[in-house]
Amino acid sequence: MTGRDEPDTGVRDGHVSVLAASAAARRAAIDLARREGTPITARPAFPGSDIVTGDLRSLDGARTARRIEAGAREEAREYIRQAREDGASWDQIGRALGLTPGTARTALAEAAYTYAAGDPDSDAARRYGRSFGWVCWTCQQFIDDRGIQAGPTGGEHGHTENCERFAQTAATRQAEREAGQ
């Protein structure tokens, strides 16, 4: 990864960040619902409160929040694409996302790839395979990334024959394999 976008992988202020993101998502849901003409209702600020706040009805809020979630997921995928283009590994992306492997056999990098490329057990993945596309800034080619299971030489289709980044990635993966990682 380049120095301009080093991820903060620390846990500090994690809970505060989640609360701030939750509040921002609620505001975004209300704003989106207003633009769509969904009525705003008065609701107590908290159970038993005399303070009233404008909010969405529960099902309208759930539906709109789900749209916000889908939009946020697309933005996360775009940042992941940019991270791959900047040279980040799937492992680095997994750490930046705060992902944890699903099982002892599932690597953090595979969890990140699954987050970006989708569920390997989906009908589309079984039928067509999974892929995550990005542009290699070294060789300027579109890369059809099939994930870490195939390794860089089998997983990153599209690099030019003399791509320096691809050669460096392949050498790093080979060294990791030889070291037993």
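Residues numbered from 1 in each chain as written. Predicted model: local features only at pLDDT ≥ 70, side-chain atom pairs only at ≥ 80, totals over all residues. Heavy atoms only, no water.

### Section: the overall build of the protein
Rules: Only DSSP runs of H or I with at least four residues qualify as helices, and only runs of E with at least two residues qualify as strands; both kinds are numbered from the N terminus onward. Each residue is assigned to one of three classes by its accessible area relative to the maximum for its type, calculated with a 1.4 Å probe on protein chains only: buried under 20%, partly exposed between the two thresholds, exposed over 50%. Contacts between residues were defined by any pair of non-hydrogen atoms, one from each residue, lying within 4.5 Å. To be clear on the numbers: accessible area is Shrake-Rupley with a 1.4 Å probe, and residue cover counts the displayed protein chains and nothing else.
Across its full length, the protein holds seven helices and five strands. The N-to-C order of helical and strand elements in the protein reads α-β-β-α-α-α-α-β-β-α-β-α. Here the protein, with 181 residues, has 27% of them falling under the buried criterion. Long-range contacts, defined as pairs at least 24 residues apart, comprise 36% of the intrachain contacts of the protein with a sequence gap of at least 6. Total accessible area on the protein stands at roughly 11900 Å², and carbon and sulfur atoms take up 52% of it.

### So, the packing of aromatic side chains
This is how it is decided: Note on ring pairs: Phe, Tyr and Trp rings are taken, using the six-membered ring of Trp, and paired if centres are within 6.5 Å. Classes follow the plane angle, with under 30 degrees stacked, over 60 edge-to-face and the rest tilted. Two conditions define a charge located above a ring, namely a distance within 6 Å from the ring centre to NZ of Lys or CZ of Arg, and an angle within 35 degrees of the ring normal.
The tally for this structure, following the rule as stated, stands at two aromatic pairs. A centroid spacing of 5.1 Å and a plane angle of 90° characterise the contact between W90 and Y113, whose relative ring orientation is edge-to-face. In this pair, W90 sits in helix α3 (residues 90–97) while Y113 sits in helix α4 (residues 108–117), placing the two residues 23 residues apart along the sequence. W90 sits in the buried class, given a relative accessible area of 4%. Among the residues examined, Y113 registers a relative accessible area of 1% and is labelled buried. One aromatic cluster in this structure is built from W90, Y113 and F132. Between R73 and the ring centre of Y115, over which it is positioned, the NZ or CZ distance is 3.9 Å. Sitting over the ring of F132, R81 keeps its end group 4.7 Å from the ring centre.

### Digging into the sheet that holds strand β5 (residues 156–157)
Just so we agree on the cut-off: For two strands to count as paired, DSSP must find a minimum of two bridges between them.
Pairing is antiparallel across the open sheet formed by three strands, whose spatial order is β3-β4-β5. Pairing within the sheet leaves two strands with one partner each, and these edge strands are β3 (132–135) and β5. Bridge analysis of β3 against strand β4 (residues 142–145) gives four bridges, and the strand direction is antiparallel. Within β4, the residue paired with V135 across the bridge is F142.

### A word on the environment of Y113
To be explicit about the condition: Any pair of N or O atoms that falls within 3.5 Å is considered a polar contact. Within protein, one atom must be able to donate a hydrogen and the other to accept it, and sequence-neighbouring residues count only if both atoms are side-chain atoms.
Note: C-alpha distance between Y113 and D91 (22 residues apart in sequence) is 8.9 Å. When near neighbours in sequence (up to four residues on either side) are disregarded, Y113 contacts W90, G118, R130, S131, F132, D145, R146 and G147. Polar side-chain contacts of Y113 include one of 3.3 Å to the backbone oxygen of R130.

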